[in-house]
Amino acid sequence: KHPQLAAPKSRQIMWSWMISIFSAWFARTAKHRLILIQSKKEEDAHALVSRGSKDPLAGRISFIEHTLPAWLGDPNIRSGDGNNAGRLSYSNGSQIRGIPQGADQVRSHTPSLVASDEIAFQEEAEAAYVAIRPAVQGGGRWLGVSSANPGFFRRMCGNIDEESNVSSISGALPKGMRSWETRDGIVVLETHYSADTDKD
């Protein structure tokens with residue numbers, strides 16, 4: 001529903017799995033989409049996408065795709081290998097690529113979705129966000145998720161402790177979650193550990 005979503009979160013709330021699930025769904029539901037999964041290090045991004053064709057269950061999105069029931073799966077999904085590790089190619093022409101942090105990693109592409117995992121811990125997060133803005137303005141989507149850390153991501157979300165500079169978004173949310181929209185039009189969905197009933 002929202003082209004830009006920032007999700008500040010407590011640790012171990014399963015948001016990295018949510019990014020993976022949403023990216024797989026997004027790749028499947030339209031032709032020729034390019035989805036970039038960005039993390040601080042290339043190996044972390046590959047761990048979210050695919051570690052290569054030798055073990056299709058290594059990498060969260062690859063694991064999701066290769067463990068679906070046969071009636072729901074796509075037998076033609078290909079994992080990259082060697083220099084192409086961290087990639088999945090779908091039979092509809094869509095691709096998911098895991099990339100390290102930095103503006104140069106996204107600038108030369110026209111992604112339909114950029115999902116940035118643990119963005120608050122990426123030193124080059126602000127430059128990368130600025131680089132993908134034209135793609136978002138052209139109809140793409142951006143999703144940034146991170147546990148708390150001072151810096152660009154926290155400023156982007158607005159002051160989490162004082163919501164005077166943001167407007168609330170209507171709708172009921174589960175316990176432990178709250179949402180608002182910043183002046184820049186970024187929807188913020190904060191997830192506290194108490195949203196997980198096993199951790200409350």
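Structure: above.
Residues numbered from 1 in each chain as written. Predicted model: local features only at pLDDT ≥ 70, side-chain atom pairs only at ≥ 80, totals over all residues. Heavy atoms only, no water.

**A closer look at the overall build of the protein**
For clarity, the threshold we go by: Each helix is a run of DSSP H or I of at least 4 residues and each strand a run of E of at least 2, with the numbering of both proceeding from the N terminus. Each accessible area value is a Shrake-Rupley result obtained with a 1.4 Å probe; residue values ignore everything except the protein chains displayed when judging cover.
Each helix and strand in the protein was counted, giving 6 helices and 10 strands. Only carbon and sulfur atoms are counted for the fraction: they give 50% of the accessible area of the protein, which is about 10700 Å².

**With respect to the pairing of strand 6 (residues 113–117)**
Just so we agree on the cut-off: Accessible area is worked out with a 1.4 Å probe on protein chains only. A residue is then buried under 20% of its type maximum, exposed over 50%, and partly exposed in between. Pairing between strands requires that DSSP locate at least two bridges from one strand to the other. Call a crossover right-handed when, viewed with both strands pointing away from you, the route from the first strand across the helix to the second goes clockwise.
The buried count for strand 6 comes to 5 of 5 residues, which makes it a mostly enclosed element. Both faces of strand 6 are covered, namely the face carrying L113, A115 and D117 and the face carrying V114 and S116. Summarising the sheet, strand 6 and strand 7 (residues 141–147) pair through 5 bridges and their orientation is parallel. Within strand 7, the residue paired with S116 across the bridge is G144. Each parallel crossover has a hand, and for strand 6 linked through helix 5 (residues 125–137) to strand 7 it is right-handed.

**Some thoughts on the nonpolar core**
The criterion, for reference: What makes a nonpolar core is a set of buried Ala, Val, Leu, Ile, Met, Phe, Trp, Tyr and Cys residues whose side-chain atoms join them at distances within 4.5 Å. Every residue pair with non-hydrogen atoms within 4.5 Å of one another is taken to be in contact.
Of all hydrophobic cores here, the largest spans 22 residues; its most connected members are A6, Y129, I132, W142, F153 and M156. If you list the elements that add at least two residues to this core, you get strand 2 (34–39), helix 5 and helix 6 (152–157). Looking at this core element by element, the count peaks at 5 residues for helix 5. With residues up to four places along the chain from it excluded, the contact list for F153 reads A6, A7, P8, I119, A120, W142, G144 and S146. W15, A24, V49 and L143 belong to the second largest nonpolar core, which has 21 residues in total.

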